[in-house]
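For reference, the chains in residue letters:
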Amino acid sequence: MKRLSITAGVVALTVGLASPAVADRDSKDHGPATTAFGQGTTAFGQAKLTGFASLPAETFVPNSEPSGSAIGAGPFNGITGPFADQPVQGFSGAVNRHDGSYDVLSDNGYGGKANSADFLLRVHRVEPDTKTGKVKVLGGFNLSDPYRKVPFPLTRSDRVLTGADFDVESIVRAYDGTYWLGDEFGPFLLHFSSTGKLLEAPISLDGVRAPENPYLNGAQPTIGGSKGFEGMVRSVDGRRLYPLLEGTVNGDTPGDLRFSEFDLKTRDYTGKRFTYRLESPSNAIGDAIAVDRNRFLVIERDGGQGADAKFKRIYLADTRDRNGDGVMDKTLVADLMNIANPKGLGGFGETFTFPFTTIEDVVLLDNRTLAVLNDNNFPFSSGRTPGKADNNEFITIRLSQSLKADKRALR
């Protein structure tokens, strides 16, 4: 999470997040009709906006605990803290529940350990309304450690987890119904029950330690702050996880990100990893999901918002490295700053942009349709309207050609 924000009017949408089309029949494990990055890549054409919905920035969990006592009074983009309840914000990961609703993961709260001790880590269940353009919050659950799996001290004696304990930035649901989350403070892999109870001790990645890592003991970190597991992929067969770091590990080529393989049966890293190369070392990734056993969709973005937002893209990254340069091949599938909007959805013009600092959620709905969500960094981001806190926006976009995904990627 970075500090920034949006407004967004709520208007009717034609094709919604809750109603994905039926997947194409061709789901064999092969790529689309494009050539690999570095070999004369032919990017996809312009994506089209097919759905828009918005959750107001000032949305809170009813009858919850106060929050934001350490952020200062502000005002921040017209909003004054602290808050009487927990905000529903900071969506850093999303899971399709296939019933019209989504599990969305809030990150550590307000951007750091020092100011997020009263932000309770939570998975919300939300439902975008395809008729009104609004988003309903159906409920959710807090994350906790009742079985005392975390070996280091936590903020709260009741072991409810907070943004001072972990910075959770990615989420997948395993085929057994449990959740795996990627954290940036370790970075750690965290395994939770279907109701948010931690089931195992946090799992470290050898050689990678963030400045917030509780095991540093005076040693130097090997990765920058807030640069841990920003994305995480569940393999299409459900046997492996692929957590993707947001930042470059010390000693690696600047802009190269480690994409490691974790075996869910052995509960250990296999030692196999791929390299995702950013288009600029100053860019960051926002999320990653599987298309098939070799191909993954990755959000890559710059740090700008509003008028300063220039680079917000989704790439198709292929582990097969056909040009032999040692990094994943990349094909541009969607430029989120240049989306066709012929029906004027959301009250916007013929070209729709997604000008947020942090775009951290992508969901594969069918072979040509993606759901994309922003992290609104409440109350600090103002990418949609300067001086006004960003809403959480949900959009669906239709790609110019089929991804030909493995059917299991749609589960």
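Before reading on, note that the structure itself is shown above.
Not measured: the values here are computed from a predicted model. (Residues numbered from 1 in each chain as written. Predicted model: local features only at pLDDT ≥ 70, side-chain atom pairs only at ≥ 80, totals over all residues. Heavy atoms only, no water.)

Colleague: Is there a simple way to think about the overall build of the protein chain in this case?
Modeller: A tally of helices and strands in the protein chain yields zero helices and 22 strands. Taken across its 411 residues, the protein chain has 59% of its residues classed as buried. Considering only residue pairs separated by 6 or more positions, the protein chain has 61% of its internal contacts joining residues 24 or more positions apart. (Helix = DSSP H or I, 4+ residues; strand = E, 2+ residues; numbered from the N terminus. Buried < 20%, exposed > 50% of the residue type's maximum accessible area, 1.4 Å probe, protein only. Contact = heavy atoms within 4.5 Å.)

Colleague: I tried to follow the pattern of salt bridges on my own but got confused; where do I start?
Modeller: Pairing of side chains with opposite charge becomes possible as their charged atoms draw close. Here the structure, examined in full by the defined rule, presents 19 salt bridges. In this structure, Arg295 and Asp292 form a salt bridge, with 2.7 Å as the shortest nitrogen-oxygen distance. Here the two residues Arg295 and Asp292 agree in accessibility, since each one is buried. Ionic pairing is found between Arg320 and Asp318, a salt bridge with its closest N-O pair at 2.7 Å. (Salt bridge = Lys/Arg side-chain N within 4 Å of Asp/Glu carboxyl O.)

Colleague: Explanation requested: the packing of aromatic side chains in the structure shown.
Modeller: Two aromatic rings are characterised by how far apart their centres lie and by the angle between their planes. Enumeration over the complete set of coordinates arrives at 25 aromatic pairs. The interplanar angle of 80 degrees and the centroid separation of 5.1 Å between the aromatic rings of Phe76 and Phe380 together place this pair among those described as edge-to-face. A residue pair is termed long-range when its members are at least 10 positions apart, and Phe76 in the loop between strand S1 (48–55) and strand S2 (91–96) and Phe380 in the loop between strand S21 (369–374) and strand S22 (392–398) qualify at 304 residues. As far as the burial class goes, Phe76 and Phe380 line up, both buried. Taking the centre distance of 5.1 Å and the plane angle of 70 degrees together, the rings of Phe259 and Phe296 count as edge-to-face. Taken as a pair, Phe259 in strand S12 (residues 256–263) and Phe296 in strand S15 (residues 295–301) lie far apart in primary sequence, 37 residues in all. Across this residue pair, the class does not change: Phe259 and Phe296 are buried. An aromatic cluster is built from Phe52, Phe348, Phe352, Phe354 and Phe356, whose rings are joined through pairwise contacts. Looking at Lys330, its charged tip hangs above the ring of Tyr315, at a distance of 4.3 Å from the centre. A cation over a ring is seen here: Arg411 above Tyr175, with NZ or CZ 4.3 Å from the ring centre. (Phe/Tyr/Trp six-rings, centres within 6.5 Å; stacked < 30°, edge-to-face > 60°. Lys NZ or Arg CZ within 6 Å of the ring centre and 35° of its normal.)

Colleague: Looking at this model, I keep getting lost on the environment of Leu205. Mind explaining?
Modeller: Mapped onto the fold, Leu205 is located in the loop between strand S9 (203–204) and strand S10 (229–234). For the pair Leu205 and Phe262, spaced 57 residues apart in sequence, the C-alpha separation works out to 9.6 Å. Ignoring sequence-local partners within four residues, the contact set of Leu205 consists of Pro187, Phe229, Ser260 and Tyr269.

Colleague: Which parts of the structure should I look at to understand the pairing of strand S8 (residues 188–192)?
Modeller: Note on strand geometry: in a regular strand, side chains alternate between the two faces of the sheet. Taking burial as the measure, the five residues of S8 include five buried ones, the bulk of the element. The side-chain alternation of S8 yields two buried faces, one formed by Phe188, Leu190 and Phe192 and the other by Leu189 and His191. Pairing of strand S7 (residues 179–183) with S8, which is carried by four bridges, proceeds in the antiparallel orientation. Residue pairing across strands places Leu181 opposite Leu190, the latter belonging to S8. In sequence, S7 turns back onto S8 through a hairpin of four residues. By the bridge criterion, two bridges tie S8 to S9 in an arrangement that is antiparallel. Directly across from Phe188, in S9, lies its bridge partner Ser204. (Pairing = 2+ DSSP bridges.)

Colleague: I tried to follow the side chain of Ser144 on my own but got confused; where do I start?
Modeller: Take Ser144: it is sitting in the loop between strand S5 (135–142) and strand S6 (168–173). The exposure class of Ser144 is buried, given its relative accessible area of 15%. Discounting chain neighbours no more than four positions away, the residues touching Ser144 are Arg159, Val160, Leu161, Phe192, Gly196, Lys197 and Leu198.

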